[in-house]
Amino acid sequence: MDLQELYQTAAELVVTYVPRIIGALIVLVVGLYVIKRLKKVLSTALGKSKIDDTLKPFLVSLAAAALKVLLVIVVLGMLSVNTSSFVAIIGASSLAIGLAFQGTLSNLAGGVLLLTLRPFKVGDFITAVGHSGTVEAIHVFNTILVTPDNKVISIPNGNLSNTSVINFSQKSTRRVDLNFGVGYEQDISKVKDVLTEICTSHELIHQDPAPFIKVSEHADSAVIFVVRVWTDSANFWAVHFDLMETVKKRFDQEGISIPFPQMDIHMDK
């Protein structure tokens, strides 16, 4: 190839590809600018929504990454690059990454579900996956619980999103259920009056609905009274322990016996 042909070939390449390269660069720069602006708009819109604060930056980053991948495919298409192969490579890579990080992706999906459906929030007391505690933080991959004795438990969100969760704080009120046993020789009307007086005079116990006090069982050693009262969720344990202590003191004052487990033995001579 002589110099003339080389020059002509170079000129053809320049005429053919330089406009494409310039156009692709312009599209790339403008596209990145538009994506940056869209990120700000999306971030502002999510900031005004009720979506959990932990989920907002994740959604913004995910949307920006998807737009950038789309922009790269468009730019490569302008440069006459076979984008179908590129898309296939991305798909294969995504599959390999998905298999390698299957557990992590499961936790990620679980975190998105928890932050979207919100079965609990920070500050709620829950029981799940065999653990109980107050929710301290909900991250994208895991949730942090703090137990009543101040232990910190990290639970993968994949497990939380696929199991039953008991939320003790979601409702404003809770019912306290207690059982008290008295001797068979006791006057059950008097016992019921004492228990009713204790429950109606307690300042933390709601009177609507009224306390429920009934004989529930004729047990082996005692007559069992069931006591069910309603209180604010925050006062559940205060009411529970107050009733246990107050009932014992009042039974002692009223001469109402709380029998020990006992057995009658009959012997034939």
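Right, let's walk through the structure included here.

Procedures and definitions
Residues numbered from 1 in each chain as written. Predicted model: local features only at pLDDT ≥ 70, side-chain atom pairs only at ≥ 80, totals over all residues. Heavy atoms only, no water. Pairing = 2+ DSSP bridges. Helix = DSSP H or I, 4+ residues; strand = E, 2+ residues; numbered from the N terminus. Axes fitted to C-alpha atoms, helices over the stretch in contact; angles between N-to-C directions. Contact = heavy atoms within 4.5 Å. Expected span 1.5 Å × (residues − 1). Buried < 20%, exposed > 50% of the residue type's maximum accessible area, 1.4 Å probe, protein only. Arc of directions from axis to C-beta. Salt bridge = Lys/Arg side-chain N within 4 Å of Asp/Glu carboxyl O. 1 Å grid on protein atoms, 1.4 Å probe; cavity = no way out; pocket = protein on both sides within 12 Å on 5 of 7 lines; lining within 4 Å. Points joined across faces, edges and corners; volume = space filled by probe spheres on them. Nonpolar A, V, L, I, M, F, W, Y, C, P; charged D, E, K, R; others polar. Phe/Tyr/Trp six-rings, centres within 6.5 Å; stacked < 30°, edge-to-face > 60°. Lys NZ or Arg CZ within 6 Å of the ring centre and 35° of its normal.

What to know about the sheet that holds strand 7 (residues 212–218)
So, point 1. Read across the sheet, three strands follow the order 6-8-7 without closing on themselves; strand pairing throughout is antiparallel. The outermost strands of the open sheet, each flanked by one partner alone, are strand 6 (173–182) and strand 7. Strand-to-strand, the axes of this sheet are offset by a mean angle of 25°, without reference to chain direction.
So, point 2. Lying over the sheet, helix 7 (residues 236–254) contacts strand 6 and strand 8 (223–232), oriented at roughly 25° with respect to strand 6.

Focus on helix 7
So, point 1. With 19 residues, helix 7 should reach 27 Å at 1.5 Å per residue; the first-to-last C-alpha distance of 27 Å fits that figure.
So, point 2. Taken together, the buried positions of helix 7 are Phe-236, Val-239, His-240, Leu-243, Val-247, Arg-250 and Phe-251. Down the axis of helix 7, the buried set is contained in an arc of 115°. They therefore lie on one face. Among the exposed residues of helix 7, those pointing more than 90 degrees away from its buried face are Trp-237, Phe-241 and Gln-253.
So, point 3. Among the structural elements, strand 6, helix 6 (188–201) and strand 8 are those in contact with the buried residues of helix 7.
So, point 4. In the stretch just after helix 7, Gly-255 is the one whose phi turns positive, near 70°.

Some thoughts on the pattern of salt bridges
So, point 1. Applying the stated rule across the entire model yields eight salt bridges.
So, point 2. For Lys-121, the salt bridge is made with Asp-124, and the minimal N-O distance between the two is 3.3 Å.
So, point 3. Lys-121 gets classed as partly exposed once you look at its relative accessible area, which sits at 40%.
So, point 4. In this structure Asp-124 comes out as buried when scored by relative accessible area, which is 5%.
So, point 5. Among the salt bridges present, the one from Lys-151 reaches Asp-149, with a minimum N-O distance of 3.6 Å. With respect to class, Lys-151 is no different from Asp-149; both count as exposed.
So, point 6. Residues participating in the shared-partner salt-bridge network are Lys-190, Glu-197, Arg-250 and Glu-254.

Remarks on unusual backbone geometry
So, point 1. Backbone torsion omega between Asp-208 and Pro-209 reads 5°, so that peptide bond is classified as cis.
So, point 2. Within the secondary structure layout, Pro-209 lies in the loop between helix 6 and strand 7.
So, point 3. Positive phi values are uncommon outside glycine, yet Val-129 reaches one of about 50°.
So, point 4. Following the sequence through the fold, Val-129 ends up in the loop between strand 1 (125–128) and strand 2 (131–138).

Structural notes on the layout of surface pockets
So, point 1. Taken as a whole, the largest pocket encloses approximately 200 Å³ of empty space.
So, point 2. What lines the largest pocket is simply Phe-125, Phe-168, Ser-169, Arg-174, Ser-233, Ala-234, Asn-235, Phe-236 and Trp-237.
So, point 3. Among the residues making up the lining of the largest pocket, the classes are represented as five nonpolar, three polar and one charged.

Observations concerning the packing of aromatic side chains
So, point 1. Considering all chains together, one arrives at three aromatic pairs under this definition.
So, point 2. With 5.8 Å between their ring centres and 55° between their planes, Phe-125 and Phe-168 make a pair best called tilted. With Phe-125 in strand 1 and Phe-168 in the loop between strand 5 (166–167) and strand 6, the pair connects residues that are 43 residues apart, well separated along the chain.
So, point 3. The class for Phe-125 is partly exposed, based on a relative accessible area of 26%.
So, point 4. Owing to a relative accessible area of 24%, Phe-168 belongs among the partly exposed residues under this scheme.
So, point 5. Taking the centre distance of 5.7 Å and the plane angle of 25° together, the rings of Trp-237 and Phe-241 count as stacked. Remark: Phe-241 and Trp-237 occur in helix 7; sequence separation between them is four residues, near one turn of the helix. The pair formed by Trp-237 and Phe-241 is uniform in burial state, with each residue classed as exposed.
So, point 6. Note that Arg-174 overlies the ring of Phe-236, its terminal NZ or CZ placed 3.7 Å from the centroid.

That is the geometry; function is a separate question.
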